[in-house]
Amino acid sequence: MAQTSLRAWRAVACGVLALLAALAAGHLVAALINVGASPYLAVGNAAIDLTPLPLKDFAVRTFGTHDKQVLLGGMAVVLLGAAALAGLASRRSPWPGTVVIALFGLVGVAAVATRPGLGAVAVLAPLASLVTGVLVFRGLRGKETVASRRSFLIVLAGSAVAGVAGQLLASTKDAGASRAAVGPLVPARRAPAIPADADFAKLGTPPFLTPNRDFYRVDTALTVPQVRTEDWSLRISGMVDRERAYRYQDIRGRPLVERTITMTCVSNEVGGPYVSTANFIGVDLADLLREAGVRPGAEQLFSTSVDGWTSGTPVADALDPTRGAMLAIGMNGEPLPLEHGFPARLVIPGLYGYVSATKWVTRLEVTTWQAKQAYWLQRGWGEQAPIKTQSRIDTPKGFETVPAGTLRVAGVAWAQHTGIDQVEVRLDNGPWQRAILSREITVDTWRMWWAELSVTPGAHQISCRAKDKRGYVQTAERAGTVPDGATGWHTISFVAK
Ligand SMILES: Nc1nc2c(c(=O)[nH]1)N[C@H]1C(S)=C(S)[C@@H](COP(=O)(O)O)O[C@H]1N2
Ligand SMILES: [Mo]
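Structural notes, computed from the coordinates. (Residues numbered from 1 in each chain as written. Chains lettered and ligands numbered in written order. Predicted model: local features only at pLDDT ≥ 70, side-chain atom pairs only at ≥ 80, totals over all residues. Heavy atoms only, no water.)

Focus: the site of ligand 1
Okay, step 1: For ligand 1, the set of nearby residues contains 19 residues, the closest of which are Y216, T220, H340, R345 and K359.
Okay, step 2: A distance of 2.6 Å is found between an oxygen atom of ligand 1 and a side-chain nitrogen or oxygen belonging to H340.
Okay, step 3: A distance of 2.5 Å separates an oxygen atom of ligand 1 from a polar atom in the side chain of K359.
Okay, step 4: In isolation ligand 1 has 530 Å² of accessible area, and contact with the protein removes 99% of it.
Okay, step 5: A class-by-class count of the residues in the shell around ligand 1 yields 9 nonpolar, 5 polar and 5 charged. (Near = heavy atom within 4 Å. Polar contact = N/O pair within 3.5 Å; in protein donor to acceptor, adjacent residues only side chain to side chain. Areas by Shrake-Rupley, 256 points an atom, 1.4 Å probe, with all protein chains shown as cover. Nonpolar A, V, L, I, M, F, W, Y, C, P; charged D, E, K, R; others polar.)

In structure tokens form, the structure reads like this:
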């Protein structure tokens, strides 16, 4: 029998090229339908949704906002490795490689088919990948033939062209132009200007208002959803007297309010960076809900993003006039940045982001806790998640070396919707000493603090703790972020010389 046995590099090339061709074809078809249907991204998104909680928490902690690049890079390595092995497995017969490539294609189909918000046509993209992958592999590695170097190059060039074309096509659906066309958002009621004594930036605290580019970002989206204002709508349904739907201009045309709000992520560890403050511009969420007419018995406001992510907020908090829950369209004087939810998101003071701050929001359903479980609730996080009173030392940094003598310590504290009453600092195991607080802007925003300590040469520790306006003093007891936010004192070690 005239069985061909391939040289190793040729076998590898057959597998890898079939993979590249498959991904490029899928990407091109996805660009025509919905970029989210690109098999590579859909598999990545599915991986994020299926990742067990401790691993996800680890990824956010270790890689921070780069967690997504790490995931995509890791997937690329695994896929290339598997494609090379698929090729090698087919040195004697084309079948093993064909089966592996077809299985990969099926994984892509499954990932897209089960992805919320993509629709049925979206499976055409992974199907294109599957068919292309199998055909190209069989074209390169036939039963008794192996393709020439020339056909390797043709496949490589074809994949590059398809991939780039897909990318170009996808970028024409980019929401950047739509955002640029929004123009200035002028609130009818501006948030009061932030006075100079609201932060101690000169002493080492962050600025009171976080510039948009520095505002922390946490979400499950592998690629930033691209939603143009003309395509956006918000539907309010469920336990309401009348369903309502709003277009972007309906929201934009209303009198806009502006509120200064400090947002915090439940994944923020003690001393962590996931807390930021901005002037949000938008409308009162309670007004929209009242127009729909919330029925008695409603408990949960279940919000859905265009990317399928969901969040559950107590209806009482969304309606509470003292809380000031918003449907926001602007942030620090600009339309929302794409990564922060353009064209519209929810912002609800005092609640961790995962139960309140849906970005790219498109649906609000008034319901009960029994009826629906939001994304993170299904994954082990708490149903109710008010932000816990916390404080953080920003200066000095942990493990810094400082001159002995008088040491200035500075940081931030927050207890949204309650307000910070005092912050204390302690050197080693000495007595607690009161810090000087910056001016309070509202109870929904952070406050900065500073204090002076006298330090002798040697190794030391400083801790801080806040007391809020309900009289609660931050507990020393350390709790992790799961299920409803970390507790404990922020302590840093440093050396004085
Ligand atoms: N669509 C969508 N909205 C989302 C999330 C998400 O994963 N997807 N994450 C939430 C979480 S956990 C937080 S803390 C805030 C963070 O908002 P930011 O990225 O603008 O800081 O957004 C919330 N809204
Ligand atoms: Mo979060």
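A few points about the sheet that holds strand β15 (residues 433–434)
Okay, step 1: With mixed pairing, the 5 strands of this open sheet are ordered in space as β12-β19-β18-β14-β15. Edge positions in the sheet fall to β12 (401–402) and β15, since each of these pairs with one other strand and no more.
Okay, step 2: As paired elements, β12 and strand β19 (residues 490–496) share 2 bridges and run parallel to each other. In the sheet register, T401 faces β19, and the bridge partner there is V495. (Pairing = 2+ DSSP bridges. Helix = DSSP H or I, 4+ residues; strand = E, 2+ residues; numbered from the N terminus.)

Overview of the sheet that holds strand β11 (residues 390–395)
Okay, step 1: Strand order in this open sheet of 4 strands is β11-β13-β17-β16, and the pairing throughout is antiparallel. The sheet is open, and its two borders are formed by β11 and β16 (436–437), each paired with just one other strand.
Okay, step 2: As defined by bridge partners, strand β13 (residues 405–414) adjoins strand β17 (residues 447–455) across 9 bridges and the pair is classed as antiparallel. Bridged to A413 within β17 is R447.

Details of the packing of helix α2 (residues 39–50) against helix α4 (residues 67–89)
Okay, step 1: Relative orientation of the contacting elements α2 and α4 amounts to 115 degrees, with a least axis distance of 10 Å. For the pair α2 and α4, the sense of crossing is right-handed. Taking contact as the criterion, the partners of Y40, L41, V43, G44, A47 and I48 in α2 are, on α4, L71, L72, M75, A76 and L79.
Okay, step 2: A per-class count over the contact of α2 with α4 returns 10 nonpolar, 1 polar and no charged. (Axes fitted to C-alpha atoms, helices over the stretch in contact; angles between N-to-C directions. Left-handed = near helix turned anticlockwise from the far one by under 90°. Contact = heavy atoms within 4.5 Å.)

Things to note about unusual backbone geometry
Okay, step 1: A cis amide bond, omega 0 degrees, links T395 with the succeeding residue P396.
Okay, step 2: Relative to the helices and strands, P396 resides in the loop between β11 and β12.
Okay, step 3: Of note, the amide linkage connecting V482 to P483 takes the cis form, showing an omega dihedral of 5 degrees.
Okay, step 4: Along the chain, the position of P483 falls in the loop between β18 (458–468) and β19.
Okay, step 5: In this structure, N332 is a non-glycine residue whose phi angle is positive, near 50 degrees.
Okay, step 6: Position of N332 relative to the elements: it lies in the loop between β7 (326–331) and β8 (334–335).
Okay, step 7: Looking at N332, the relative accessible area reads 24%, which means it is partly exposed.
Okay, step 8: With a phi angle near 75 degrees, H417 is a residue other than glycine that sits in the positive phi range.
Okay, step 9: In this fold, H417 is placed in the loop between β13 and β14 (420–427). (Buried < 20%, exposed > 50% of the residue type's maximum accessible area, 1.4 Å probe, protein only.)

What is shown is where atoms sit, not what they do.
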